[in-house]
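# Overview (structure and organization)
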Amino acid sequence: MNQLISFIAIVLFWSSLLNAQNFELLQGNTDYHLERLPLNVKEDHGRFYSFKKDDDGYLWISSSSGMYVFDGANYLRYKNGNEKFSFYKDSLLSNFTDIEKDSKGHLYTSLWDSKQILHFNPRTRIGERIFKPESASETQLPSFKIDSEDRLFNAIAYNNKNTIALLELFRDATHQTVAEISLDVHENEFFKYFEIVDNSFFILTSHWLYRLSYKGKVLNRIKNPNGNLGFHYITSNNNNLYLLTNDGSKIYTYNFNSHSLKEYVTLPNVGESKIFPLKVYNSKIVYYNGFSLFLLHVKEKKHYNFEDSFSKLQDNLYEDVIDFEMDKNGDILVLTDKSVYKITERTTKNLTAFSEQLALDDIPSLRALTEDKEGNLYASFYNGLLRKQHGDSLFRNFDVTLPKQLKVESVFDLNYWNGQLLWNNVSIDLSNNSLTKFTQNPSVQHTTHLLENDSLWFFEWGSTALMKYNLKSNTILSYELNKKDFQEYPLQMINAIVTDSNDNSLWIATRLNGVSKLTRKGEVIEQFSNSYLNTEIDGGINDLYLAKDTLWMGSFKGLAYLNIKTKNVQTISLPTVDNNGKLINRVVYSIMPKGKDQLYLGTNYGLLLFDINTMSFLELPNAHAMYNVEFNRASKFKDSRGKYYFGSTNGLYSFYEKELHWNELKNLHGLIRLDAVTIYDSKGNYRYLNENTNELSLLELKSSDMSLNVNFSSLKKDRKVYYSYRLPEINAKWSDYSEDQIINITSLPPGITTLEIRGLSDKIQKTIVFNKAQIWYKKLWVQLLFMALFISLITILIRTRYYQKLKHEKKLSKLRHKISNDLHDDVGTILTAVAMQSEILGRDSESDKKSKFEKISHLSREAMSRMRDTVWSIDSNKDNVDSLINRMKDFLADVFESHDTMYYKFNATGKAKLSSKLNPDIRQNIYLIFKEAVNNAIKHSNGDLLSVTIEVNTQIIKLTVSDNGVQNSHIATSGLGLTSMKSRAETIGGQLQIKNSSGFTVELLVPL
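What counts, and at which threshold
Residues numbered from 1 in each chain as written. Predicted model: local features only at pLDDT ≥ 70, side-chain atom pairs only at ≥ 80, totals over all residues. Heavy atoms only, no water. UniProt positions renumbered as here; feature names shortened; annotations may be inferred. Helix = DSSP H or I, 4+ residues; strand = E, 2+ residues; numbered from the N terminus. Buried < 20%, exposed > 50% of the residue type's maximum accessible area, 1.4 Å probe, protein only. Contact = heavy atoms within 4.5 Å. Areas by Shrake-Rupley, 256 points an atom, 1.4 Å probe, with all protein chains shown as cover. Core = buried A, V, L, I, M, F, W, Y, C linked by side-chain atoms within 4.5 Å. Pairing = 2+ DSSP bridges. Patch = residues over 30% accessible without salt bridge, like charges linked within 9 Å, V, L, I, M, F, W, Y side chains within 5 Å. Salt bridge = Lys/Arg side-chain N within 4 Å of Asp/Glu carboxyl O. Phe/Tyr/Trp six-rings, centres within 6.5 Å; stacked < 30°, edge-to-face > 60°. Lys NZ or Arg CZ within 6 Å of the ring centre and 35° of its normal. pLDDT = per-residue confidence, 0-100. Expected span 1.5 Å × (residues − 1). Polar contact = N/O pair within 3.5 Å; in protein donor to acceptor, adjacent residues only side chain to side chain. Axes fitted to C-alpha atoms, helices over the stretch in contact; angles between N-to-C directions. Parallel < 35°, antiparallel > 145°, perpendicular 65-115°, else oblique. Left-handed = near helix turned anticlockwise from the far one by under 90°. Nonpolar A, V, L, I, M, F, W, Y, C, P; charged D, E, K, R; others polar.

Per an unreviewed UniProt entry, the protein chain is named histidine kinase, and its organism is Winogradskyella pulchriflava. The heading Catalytic activity (unreviewed entry) in the UniProt record of the protein chain holds the text "ATP + protein L-histidine = ADP + protein N-phospho-L-histidine."

Quick look at the structure:
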């Protein structure tokens, strides 16, 4: 019996050994790269449970303290009831567990304590509850899955009923029971896992695998084919169901034709620990056994162990693997309870294996390259040459014996012709390594070459002539360059020479003088200065490449191109961020065509691939050896085998086209999305906008809103991403680039303010417009209302004062009228009585007294006349033009009634109505000036005609009193006289003019 047991043990041992030998055991880093993603979670996130990538590429991770979303460099944490980043509006505990995703990209998750299931739209960031059990304490944690038609099913094990209920859940928070499975209490059967595959439900318990139809009918019940071992775990992928045995030795698949299990693979022995989790992705199986991470490639029979690399990446002594997820690009994400890792398959060539091996102690700065007819490669560096013989793996020193009197200074241009190596301004015969100098220059110094068939065009730096070396006849022609063509800066350095096949001319790129087009005799045809080409004045153009009518130029501001027909110049900036996080624009040092539509660009910060059709450039991955290398000017070459070479300041790099994989700049990060906006008002209160925020194009703000915080994100890919923003209505200048994903906007003015955000490209990638309401008292309609109220108030005041004044004037008018009546009735009666009594007494008195009574009578009548003038001036009923004219007529009639030597003419004209109101002061003073003028004429004129004209218009009264008497320079006045008239005219704002020509004339102008 013991011998039988020993025999069985030996058979099992060799069986497992043979099985293990079916797979090649390898370290994980042999063909794969394991890295830890930089989640940068600052707070204690508790334990991670599950993860999924949404359709935009954001990674959602459930944890016991919230739902985290990771964009590749930064994270946000969503919690239930959180004001700013809310997963679900109610204040539930945020201990999230499983995550599933439907075909629309929506996420579903469950809560550990309440067993509720929530639905969440990652684009709108709006969550809702779709399932809540009647009693969370009576059920186990939900196990829910989504089928191909986005129907959601939930398997729940009830603790007190010993049953498993299969429910279909609906978005309106209702559900219906599909099936119920009774568990065998006597066998201690319990629920494990739930999957949906090929329109069938699979429920795994500790004893059985149940298969159910969509109508809830149990179609079959299966046990482990190898006895009563049971299954530990099930998983699915691509309509296949995989089952892991309890002992972790085998994986079975479900055969939908025979409805039975079929062995898929026997796993290598990795110890006695339980395997969990496990996922199958086509022919790759990734799993964890509690200690180490493994990847099994079934087709290639390779078994990879990541134990070493996995343990080195962990901050803690132990991390437990929770879940796996395959990315769209084939990378496998690994979720532990504390971190996320990524398994990436290495490319056929190591990203760091593009550097050529140089048999030198110190790596030099490599310059020009060439190849001879045997396939040997040559490379120049400062003061020396290297050669890589065909079949050799190293570039080695190529020794050339130089004459003692010959100095070597900064040389690097190189070409090959007919067994000769043309190195700057010397020729080396490769048959015997002898050196021949083909210029008179005593030094071997930098010389720019252009090899055309059997001719070498060259320019020695510091010289003044373009040279043509006929290699067959060994003769040189010199074409002196006209200094007048280069007056701004002397021509000292030419960086590149290319041929223009359109007209057989030459283009030269210089350091200080831009680009010039020359004839083959060195005569300048056209010139384009550095300023015209929009490059650095002291940097110039580094390299040239002519394709049809476009001259491509490597400049200090990027890649420039000149249309040689239209003369139009454009510069394409090539931005990047250096190791210090500073935004820089690449300098293009070398241009090498790749086919007809693409260009390799050697820059000061890596190798780029430029697409001529799309006018866009591609970068190498961040980990690539040539990602941030500083390449040299015009240092590029393609050998006869199609291999490219680029010289750098620290060595030489080479590659074949197929070996390089490129990243588009726009794909270095995804679209910028708005996550939340925090709005602060003038009182320090704040509110959040976090639902459908990314869909906002216009945000209406209150007048009291003073500042904003804008949270945004974008998906990062393999590198840091920097952002810039501006508010063009406030400042058109872009902000400095920064990794910050929060924009603070303070002192927001009323009206329209646009926020524009961009990444490294010049294109604006996100725009939102804020429309802040004006403060109520600054709004136009309020200001118009205030203005109307103000005008109304002023109008009311004016009308009130007017009515008060009118009332006062009416009262005054009544008083004036009463006074005039009283004077007329009382004083007038007395004066009349005095005049009449004095006349009566004078008739009966003696002759000596008679004259006195006559004088009294005369004075009394004069007083009556003046009193009548006063009464007329006071009487308010006489405040009109008609009264003034009538008064004047009455006066003239009275005066000229007893006058025999002179007669008068009176004329009244004008557009004003006779009933027009007239100020009493103006009326009185005009009348008195009129009386004085008439009296003066009667007393002093020797003429026989007095003319009086009054012209009354709406704005002025013109009075003219004139006679036809003989001119008299000395005119006596009576009473107030001329001085009185002038004084009265000034009192009423009028002008009085006296004319003494062809009679005496008084002219009065009074404005109304």
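### Focus: the overall build of the protein chain
Within the protein chain, the secondary structure is distributed over 7 helices and 75 strands. Expressed as a percentage of its 1008 residues, the buried residues of the protein chain come to 49%. A sequence separation of at least 24 residues applies to 51% of the contacts in the protein chain between residues at least 6 apart. When the accessible surface of the protein chain is summed, it comes to about 51100 Å², and 49% of that surface belongs to carbon and sulfur atoms.

### Quick notes on the nonpolar core
Met-888, Ile-926, Phe-930, Val-934, Leu-946, Ile-950 and Leu-959 are the most contacted members of the largest nonpolar core, which totals 36 residues. Only α5 (881-895), α6 (920-940), β72 (945-952), β73 (956-963), α7 (977-987) and β75 (1000-1007) provide two or more residues apiece to this core. Per-element accounting of this core gives the leading share, 9 residues, to α6. Apart from the residues lying within four places of it in its own chain, the contact partners of Ile-950 are Leu-884, Ile-885, Met-888, Phe-906, Asn-907, Ala-908, Thr-909, Ile-957, Lys-958 and Leu-959. Grouped together as the second largest cluster of nonpolar side chains are 19 residues, Leu-701, Tyr-723, Leu-755 and Ile-768 included.

### Observations regarding the pairing of strand β38 (residues 426-429)
Across 4 bridges, the pairing between strand β37 (residues 420-423) and β38 is antiparallel. Bridge pairing in β38 links Trp-423 to Val-426. The turn linking β37 back onto β38 is made up of 2 residues, and Asn-424 within it adopts a positive phi angle of 55 degrees. Pairing of β38 with strand β39 (residues 434-437), which is carried by 4 bridges, proceeds in the antiparallel orientation. Each bridged residue has a counterpart across the sheet, and for Asp-429 the counterpart in β39 is Ser-434. Here β38 folds back onto β39 in antiparallel fashion, the turn holding 4 residues, of which Asn-433 has a positive phi close to 60 degrees.

### Observations concerning a nonpolar patch on the surface
A cluster of nonpolar side chains, contributed by Leu-780, Leu-784, Met-787, Phe-790, Ile-791, Leu-793, Ile-794, Leu-797 and Ile-798, occupies part of the molecular surface with about 890 Å² of accessible area. With respect to the helices and strands, the residue Phe-790 is situated in helix α3 (residues 780-844). Residue class for Phe-790 comes out exposed when judged on its relative accessible area of 53%.

### A word on the UniProt feature "transmembrane region" (unreviewed entry) in the protein chain
Those residues carrying the UniProt feature "transmembrane region" (unreviewed entry) are residues 780-798 in this numbering. For residues 780-798, helix accounts for 100% and strand for 0%, while the C-alpha atoms at its two ends are 26 Å apart.

### Let's talk about the packing of aromatic side chains
Scanning all chains against the criterion turns up 52 aromatic pairs. Taking 6.4 Å as the distance between ring centres and 80 degrees as the angle between the ring planes, the aromatic pair formed by Tyr-288 and Phe-310 counts as edge-to-face. Of the two residues, Tyr-288 is situated in strand β24 (residues 284-288) and Phe-310 in helix α2 (residues 307-313); the sequence distance between them amounts to 22 residues. For the pair Tyr-288 and Phe-310, one class covers both residues: buried. Lying over the aromatic face of Tyr-158, Lys-161 brings its terminal NZ or CZ to 4.8 Å of the ring centre. When the ring centre of Phe-23 is taken as origin, the NZ or CZ atom of Lys-301, which lies over that ring, is 5.1 Å away.

### Some details on the confidence of the model for the protein chain
Overall, the predicted model of the protein chain reaches an average pLDDT of 87, with 90% of residues at or above 70. The model gives residues 1-21 a pLDDT under 50, and that stretch makes 3 contacts with residues more than four places away or in other chains. Here residues 972-976 scores under 50 on pLDDT; set against residues more than four positions off or in separate chains, the count is 9 contacts.

### What to know about α5
Along an α-helix, a turn takes 3.6 residues, which lines up residues three or four apart on a common side. Relative to the 21 Å expected for 15 residues at 1.5 Å per residue, α5 spans 21 Å between its end C-alpha atoms, a close match to the ideal helical length. Of the positions making up α5, those classed as buried are Val-881, Ser-883, Leu-884, Ile-885, Arg-887, Met-888, Phe-891 and Leu-892. Two or three places before Asp-882, at the opening of α5, Asn-880 has a side-chain oxygen 3.3 Å from that residue's backbone nitrogen.

### Overview of the packing of α6 against α7
Relative orientation of the contacting elements α6 and α7 amounts to 160 degrees, with a least axis distance of 10 Å. Regarding the angle of α6 to α7, the classification is roughly antiparallel. The interaxial crossing formed by α6 with α7 has left-handed handedness. Contacts from Asn-925, Leu-928, Ile-929, Glu-932, Ala-933 and Asn-936 in α6 reach Gly-977, Leu-978, Met-981, Arg-984 and Ala-985 in α7.

### Description of the packing of α5 against α6
α6 packs onto α5 with a crossing angle of 20 degrees between their chain directions and a minimal axis gap of 11 Å. With respect to α6, the element α5 is oriented roughly parallel. The handedness of the crossing between α5 and α6 comes out as right-handed. Packed against α5, whose contacting residues are Leu-884, Arg-887, Met-888, Phe-891, Leu-892 and Val-895, the element α6 presents Arg-923, Ile-926, Tyr-927, Phe-930, Lys-931, Val-934, Asn-935 and Ile-938 at the interface. For the contact of α5 with α6, the residue count by class is 10 nonpolar, 1 polar and 3 charged.

### Observations concerning the sheet that holds β73
Spatially, the 5 strands line up as an open sheet ordered β71-β72-β73-β75-β74, and their pairing is mixed. Edge strands, defined here as strands with exactly one partner in the open sheet, are β71 (903-909) and β74 (991-996). On average, each strand axis in the sheet is inclined to that of its neighbour by 10 degrees, with strand direction left out of account. Sitting on the sheet, α5 is in contact with β71, β72 and β73, with an inclination near 175 degrees to β71. On top of the sheet, α6 reaches β72, β73, β74 and β75; it is set at about 10 degrees to β73, its chief contact.

### Focus on the environment of Thr-1001
Examined against the element boundaries, Thr-1001 turns out to sit in strand β75. Linking Thr-1001 and Leu-946, residues 55 residues apart in sequence, is a C-alpha distance of 9.8 Å. If we ignore the near neighbours within four places in the chain, the residues touching Thr-1001 are Thr-960, Val-961, Ser-962, Gln-993, Ile-994 and Lys-995.

### Structural notes on the side chain of Glu-1003
Tracing the backbone through its elements, the reader meets Glu-1003 in strand β75. Residue classification places Glu-1003 among the buried residues on the basis of a relative accessible area of 14%. Among residues more than four places away in sequence, those in contact with Glu-1003 are Lys-958, Leu-959, Thr-960, Gln-991, Leu-992, Gln-993 and Lys-995.

### Remarks on the side chain of Thr-603
Inspection of the secondary structure puts Thr-603 in strand β56 (residues 598-603). A distance of 2.9 Å separates the side chain of Thr-603 from the backbone nitrogen of Tyr-605, its partner in a polar contact. At 2.6 Å, the side chain of Thr-603 and the backbone oxygen of Gly-606 are in polar contact. In this structure Thr-603 touches Arg-586, Val-587, Val-588, Tyr-589, Leu-608, Val-629, Glu-630 and Phe-631, once residues within four positions along its chain are discounted.

### Here's the deal with the pattern of salt bridges
Within this structure, the stated rule accounts for 38 salt bridges. In this structure, Arg-641 engages Asp-639 in a salt bridge whose closest nitrogen and oxygen atoms are separated by 3.4 Å. Its relative accessible area of 38% is what places Arg-641 among the partly exposed residues. For the salt bridge of Lys-958 with Glu-1003, the shortest nitrogen-to-oxygen distance reads 4.0 Å. With a gap of 45 residues between them, Lys-958 in strand β73 and Glu-1003 in strand β75 connect regions that are remote in the sequence. Among the charged side chains, a network of salt bridges with common partners joins Arg-47, Asp-320, Asp-337 and Lys-338.

### Overview of the sheet that holds strand β34 (residues 394-397)
Spatially, the 5 strands line up as an open sheet ordered β30-β34-β33-β32-β31, and their pairing is mixed. At either end of the open sheet lies a strand with only one pairing partner, and these are β30 (357-358) and β31 (366-371). By the bridge criterion, 5 bridges tie strand β32 (residues 377-381) to strand β33 (residues 384-388) in an arrangement that is antiparallel. Bridge pairing in β33 links Ser-380 to Leu-385.

### Observations concerning the pairing of strand β3 (residues 48-53)
As judged from the 5 bridges shared by β3 and strand β4 (residues 59-63), these two strands associate in the antiparallel manner. Within β4, the position partnered with Phe-51 by the bridge is Ile-61. Between the end of β3 and the start of β4, which pair antiparallel, lie 5 residues, with Gly-57 showing a positive phi angle near 95 degrees.

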